[in-house]
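Residue-level listing of the chains:
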Amino acid sequence: MAEGIPDSYPAWSPPTYDVNNPPKEVHSYQFNEEEAADSSVFARMAKWSPDGSTALAQCEDRTFRFLQLPEELLGIAVDSTLSSSLPRSLTQSAPILDYAWYPCASARDRASFCFVASVRDCPVKLLDASDGRLRASYRIVDHRERQVAPHSLAFNPGANRLYCGFEDAIEVFDIHCPGEGTRLHTTPSKKSRDGLKGIISALSFAPDMSSALYAAGSLSPSAPSSSNIALFSEDTGEVPVMFVGAEGSQNGAGYGVRASVSQLMFNPGRPYLLYASFRRMDSIFCWDLRADVSRPIEIFGRKPQPISGKERKAATNQRLRFDIDYGGRWLSVGNQDGGISVFDLAAQPDTAPGENAPRPGSTPRTTPIMQFDGHRDAVGSVAFHPIRPLLLSVSGSRNFDTSSGDVSESSSSNSDDELVEVADIGASSEKLRRPSPVTISRKRPQPVALDASVKLWDFGPRS
C-alpha cells in the first residue's frame, strides 16, 4: 500500500433528516430585489448539481441563474475563484422548456461541469456551466423541417445517451456525437389509439443500471385503451415493456389516471418504486413494478385543511415538482398555497405481493408527516441536497390584478359633459348635451409574482 493512501474509505450514508422539529430557514433572498424593474421574474424550478456544489434555476425571463448560496452551509470545498467566476445568469433566445445536469457534473472537473437545455424552436443545447459556452447541439427536425424543442430531458444511468421527449416520439442522442439522433415512435401513427400518445412531458430512468428501464409520461390524459405512463427498455427500443395503470379493476377496462403527467421519478433506494404527479392534482401516486401495476400501491396527498388558516386556492396548471432524498426515505413537495409537505416513504411495509394475491379494498393514502409554511406563492419545486440535510425551495407564479378594470374614461374638457351648439335651418340653435368619449385601454395586463423567493431549509439534528 502506497504511503498516504488509507486502507479503506468510510461507507457513504445518506444525510439524516430530523422531521420531528420544523426545519430552520438558513438562507433566503428575493428575485425581485435583484430585478427591481421587473416584478414578474421568478424561478420555475431549481436543481442541485450532482456534487451539490451549486444550484441552477430556470427562470421566467428566459434565463438560467446560479443561485447565490453560502458555501459554508453546503459542506463542499470548492475553489473560491470558480464560484466567483460563475456567470450570474445565462440568457436564452426563447422560453426554456426543460434542462438537466450531466450526471457526472462537478465543479472540481471543468470538463464535466455542463448541462443540457431545451429552448423553444432551437436544437437541444449542451452548455458549459462555468461560462455558458455552447459545447454541442442536438437537432430534432420534424417532417416540415422545423426545429423541435423537447418537453422533457433525461440522461441514462451510463451518462452516454440523452433521451428527449416530444410529441408522439422520443429522440435518443449519443452525447459524444452531436447532430441528429435515433427516433423512437411511442405510437404507430397519428390516427392509432395504441401506444403512448401526445407530448412526452416526463422521462425518468431507474437508478438500477442493470435493468435499463425508463418511464415516460404524456400530457394526454389516459384513454380507455391505454394509460399515459409507459415503461421502456434501452434494449427493446420503441416497444413498451408495460403500461402503468393500463388495466382497471372494473370489467377489465383500463383507464389509469385521467390527467396529464407532470413528473416521474424512481425511488433512489428502491428502484422498483415509481412515483408520478399529475396536472391539477394534489396527490402523488406510487406503483410497485415488481407486482401488479394496474393500480398504485400508495397515494400521497396533503391534508385537506390549509396550512396556518390560509384560504385554499384553486388547482393550478403550473408544474409543482417533488423530490426524493438520495436515501429514498423522504419525499417533499410544495403546493400553490406556499406550503411544503414532507412524506415518510417507509411508513408502509415494503412487501411485494404476487399477481395472485388478493387486492386490498382501497389504495392506502398517506398524509404528510410534516407541513410548514415556506412561501407566500406557489412553490414551483423543491430539491434535496445530495450530501447535507438541506432542502431548497423556489416560489413564484403568474398573478394578474383583477381589481382594476380594462376600460378607462377620458375627456378633453374639464367637465364630465360638454355642450355643443348645433345649427338647424329655419330653427334657432339649441344646445345639446353630448357625453364625453370613452377610451378603451389596449394595454395587456402584466403578471406579477407575489413571492419570487429562494429559501434553503436545514433538516439537520438539533444540538
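Fair warning: this is a prediction, and the values are worked out from it, not measured in the lab.

Novice: Residue-level account of the packing of aromatic side chains, with values.
Specialist: Per the stated rule, a full pass over the model turns up 20 aromatic pairs. An angle of 20° between the planes, with centres 5.6 Å apart, marks the rings of Tyr214 and Phe232 as stacked. With Tyr214 in strand S16 (residues 213–218) and Phe232 in strand S17 (residues 229–233), this residue pair connects regions lying 18 residues apart in the sequence. In this structure, Tyr214 and Phe232 share a single accessibility class: buried. Plain terms: the ring middles of Phe300 and Phe343 are 5.6 Å apart, the flat faces sit at 75° to each other, and that makes the pair edge-to-face. With Phe300 in strand S22 (residues 298–300) and Phe343 in strand S25 (residues 339–344), the pair connects residues that are 43 residues apart, well separated along the chain. We note that Phe300, like Phe343, is buried. One aromatic cluster is present, built from ring pairs that chain together Tyr17, Phe372, Phe384, Trp457 and Phe459. Residue placement shows Lys47 over the ring face of Tyr99; its charged tip is 4.7 Å from the ring centre.

Novice: Tell me about the environment of Ser226, residues and numbers included.
Specialist: Here Ser226 shows up in the loop between S16 and S17. In this structure the C-alpha to C-alpha distance between Ser226 and Gly256, which are 30 residues apart in sequence, comes to 7.7 Å. Residues within four places of Ser226 in sequence aside, it is in contact with Arg193, Gly195 and Phe243.

Novice: Residues and numbers for the sheet that holds strand S3 (residues 55–59), please.
Specialist: As summarised here, the arrangement of the four strands in space is S2-S3-S4-S5, forming an open sheet in which the pairing is antiparallel. Edge positions in the open sheet fall to strand S2 (43–48) and strand S5 (89–91), since each of these has one partner strand only. Strand-to-strand twist in this sheet, taken as the mean axis angle between neighbours without regard to direction, amounts to 20°. Relative to strand S4 (residues 63–66), S3 runs antiparallel, the two being bridged by three bridges. When the bridges of S4 are listed, Ala57 appears paired with Arg65.

About the criteria used
Residue positions are counted from 1 within each chain, in the order its sequence is given. Local features in this predicted model are restricted to residues of pLDDT 70 or higher, and side-chain atom pairs are both shown and tallied only at a pLDDT of 80 or more, whereas totals for entire chains, interfaces and linings draw on every residue. The side-chain numbers reported here are obtained from all heavy atoms of the structure, hydrogens and water having been left aside. Pairs were defined over the aromatic rings of Phe, Tyr and Trp, the Trp ring being its six-membered one, requiring ring centres within 6.5 Å. Orientation was assigned from the angle between planes: stacked under 30 degrees, edge-to-face over 60, tilted for the rest. Strands here are runs of E lasting at least two residues and helices are runs of H or I lasting at least four, both read from the DSSP assignment and numbered beginning at the N terminus. Only protein chains enter the area calculation, which uses a 1.4 Å probe; residues under 20% of their type maximum are buried, those over 50% are exposed, and those in between are partly exposed. For a Lys NZ or an Arg CZ to count as sitting over a ring, it must be within 6 Å of the ring centre and within 35 degrees of the ring normal. Note on contacts: a residue pair qualifies if any of its non-hydrogen atoms lie within 4.5 Å across the two residues. Strands are labelled as partners when DSSP assigns at least two bridges between them. Under this scheme, a helix contributes an axis fitted over its contacting stretch, all axes are lines through C-alpha atoms, and angles between N-to-C directions fall in the 0 to 180 degree range.

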